[in-house]
Amino acid sequence: QAAVNVSTNQTTTQNFNLTSVAVYNFDWTSEPLSIPDRDTVYTELEVNDNYAINSVALQIQNLTHSYIGDVSIWLESPWGERVLISERNGGSGDNMINCQVDDFAGQSIVNGSAPFTNHYLPEESFSAYTGDPSRGTWKLVLYDAANQDQGTLVDWALRLTGVEIPEGYVQGQV
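On a predicted model such as this, the values are computed, not experimentally measured, just so you know.

A short note on the pairing of strand β6 (residues 82-87)
Next, step 1: Across 5 bridges, strand β5 (residues 71-76) lies against β6 in antiparallel orientation. Looking across to β6, one finds that S72 is bridged to E87.
Next, step 2: Once β5 ends, the chain turns through 5 residues before running back antiparallel as β6, passing G80 with a positive phi of about 85°.

A closer look at the pairing of strand β10 (residues 151-164)
Next, step 1: Alignment of strand β1 (residues 23-27) against β10, held across 5 bridges, turns out to be antiparallel. Each residue of the ladder has a partner; that of N25, found in β10, is R159.
Next, step 2: In this sheet, β10 lies alongside strand β2 (residues 33-35) in antiparallel orientation, the contact comprising 3 bridges. Bridge pairing in β10 places I35 opposite G151.

Details of the environment of F116
Next, step 1: Relative to the elements of secondary structure, F116 occurs in the loop between β7 (96-102) and β8 (119-120).
Next, step 2: Contact partners of F116, with chain neighbours within four places excluded, come to I68, N89, G90, N95, M96, I97, C99 and I109.

Section: the pattern of salt bridges
Next, step 1: Scanning the model with the defined rule gives 3 salt bridges in all.
Next, step 2: Linking D27 and R159 is a salt bridge whose minimum nitrogen-to-oxygen distance equals 3.0 Å. Placement of D27 in strand β1 and of R159 in strand β10 is noted, with a sequence separation of 132 residues between them.
Next, step 3: Classification of R159 by relative accessible area gives buried; the value is 15%.
Next, step 4: For E167, the salt bridge is made with R135, and the minimal N-O distance between the two is 2.7 Å. Here the residue E167 occupies a position in the segment after β10, and R135 occupies one in the loop between β8 and β9 (136-144), the gap between them amounting to 32 residues.

Details of the packing of aromatic side chains
Next, step 1: Taken as a whole, this structure holds 4 aromatic pairs when the rule is applied.
Next, step 2: Geometrically, the ring pair formed by F116 and Y120 is edge-to-face, given 5.5 Å between the ring centres and 80° between the ring planes. Just as F116 is buried, Y120 falls in that class too.
Next, step 3: Members of the aromatic cluster, each reached through a chain of ring pairs, are F126, Y129 and W138.
Next, step 4: Sitting over the face of the ring of W74, R82 holds its NZ or CZ atom 5.8 Å from the ring centroid.
Next, step 5: If you follow K139 out to its NZ or CZ, it ends over the ring of Y42, 4.8 Å from the centre.

Conventions used here
- In this numbering scheme, every chain counts its residues from 1 along its sequence in written order.
- Side-chain atom pairs in this predicted model are given and counted only at pLDDT of 80 or more, local residue features only at pLDDT of at least 70, and totals for whole chains, interfaces and linings cover all residues.
- Calculation of side-chain values draws on the structure's entire complement of heavy atoms; hydrogens and water are dropped beforehand.
- Should DSSP find at least two bridges between two strands, the strands are taken to pair.
- In this description a helix means any DSSP run of H or I spanning at least four residues, a strand means any run of E spanning at least two, and both kinds are numbered starting from the N terminus.
- Contacts are assigned to residue pairs that have any heavy atoms within 4.5 Å of one another.
- The salt bridge definition used is simple: a Lys or Arg side-chain nitrogen within 4 Å of an Asp or Glu carboxyl oxygen.
- Residue exposure (1.4 Å probe, protein chains only): buried if accessible area is under 20% of the type maximum, exposed if over 50%, otherwise partly exposed.
- Between the rings of Phe, Tyr and Trp (Trp by its six-membered ring), a pair exists once the centres lie within 6.5 Å; its type follows the angle of the planes, with under 30 degrees stacked, over 60 edge-to-face, and the other angles tilted.
- Counting as a charge over the ring demands two things of the Lys NZ or Arg CZ atom: a distance within 6 Å of the ring centre and an angle within 35 degrees of the ring normal.

Shown next as structure tokens:
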């Protein structure tokens, strides 16, 4: 395949075949989760569909905290692989509202500021999950590292792209 570079205000006669990619949405639906001082808590999201993962997006739709810089967040796959999303970023600012984290953002969450209401790169890449099966229990792990300010996780969602793994297919060595 030949590469074609097209810059702003430049035209090409090259034909392209574009393929749409299905996005599979999984929403956490439970009671809001309290995030106590100096404690680790987690939520579980069951994914019953089985896809070989191409990409991951984490949406933190509503995490309230009066000092978001106290909080560290990880996403843990059903296989126990943890990816660091944010480690004590945002300083004394408040909250994450409609915050999306994925490997396609233009800005790292490290360089973001609270309230986090935008699109960010995680501290560690979600590429650790590429090719892994999606089925199983995913965990969002939260740690509040300081006293005085507590928070609540109200809702979050996982967005995956990938190729369906047929039932009965065995991945890896048997």
